[in-house]
Amino acid sequence: QVQVVESGGGLVQPGGSLRLSCAASGSILSIYTMGWYRQVPGNERELVATVTSYGTPNYADSVMGRFTISRGNAKNTVYLQMNNLKPEDTAVYYCTCNVKTRGSTSIDVYWGRGTQVNVSS
């Protein structure tokens, strides 16, 4: 099994910054693309940013230029630096990773339980 754990959410004022962290652990053979999604109650979960195992990022238009996604040296970690936060960034942020586990022939997607980000004055 694979565990995905996020941390770093909280309350911040508009214009402020937060850094989210995510670590995957368990019976991991290889980790491929990792990323962040977010969801507001009543809305669908939406892509925020992803990063490949080579470090190639992809961003939603709404966060381009404000958020930066990066992989840790251990490759099983991913970070999301969020700058110039806006009230519309308020959501639960979920980490996701594409993993091949030991003994498996497929790549499966695993999700964390989410971390709340509130942007409010």
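Note that the structure is a prediction, hence the values are computed from the model and not measured.

Quick notes on the rules
- Residues numbered from 1 in each chain as written.
- Predicted model: local features only at pLDDT ≥ 70, side-chain atom pairs only at ≥ 80, totals over all residues.
- Heavy atoms only, no water.
- Disulfide = S-S within 2.5 Å.
- Helix = DSSP H or I, 4+ residues; strand = E, 2+ residues; numbered from the N terminus.
- Pairing = 2+ DSSP bridges.
- Axes fitted to C-alpha atoms, helices over the stretch in contact; angles between N-to-C directions.

Peer 1: An account of the state of the cysteines is needed here, citing residue identities and associated values.
Peer 2: Here the structure, examined in full by the defined rule, presents one disulfide. One disulfide bridge connects Cys22 with Cys95, the sulfur atoms lying 2.0 Å from each other. Taking the torsion about the S-S bond as the criterion, the Cys22 to Cys95 disulfide, at about -80°, is left-handed. Here Cys22 is found in strand 3 (residues 18-26), whereas its partner Cys95 is found in strand 9 (residues 91-101), with 73 residues between them in sequence.

Peer 1: Lay out the sheet that holds strand 7 (residues 67-71) in plain terms, naming residues and giving numbers.
Peer 2: Taken together, four strands build an open sheet; the order of strands is 1-3-8-7 and the sheet is antiparallel. Strands at the two margins of the open sheet, each flanked by one partner only, are strand 1 (2-7) and strand 7. Pairwise comparison of adjacent strand axes, ignoring direction, gives a mean angle of 15° for this sheet. By the bridge criterion, six bridges tie strand 1 to strand 3 in an arrangement that is antiparallel. Paired with Gln3 across the strands is Ser25, a residue of strand 3.

Peer 1: Before we move on, can you summarise the pairing of strand 5 (residues 46-51) with the specific residues and values?
Peer 2: Pairing between strand 4 (residues 28-39) and strand 5: five bridges, direction antiparallel. Each residue of the ladder has a partner; that of Gly35, found in strand 5, is Thr50. Two successive antiparallel strands, strand 4 and strand 5, enclose a turn made up of six residues, where Gly42 displays a positive phi of approximately 90°. Note that strand 5 and strand 6 (residues 57-59) share three bridges and pair antiparallel. Looking at strand 6, one finds that Thr50 is bridged to Asn58.

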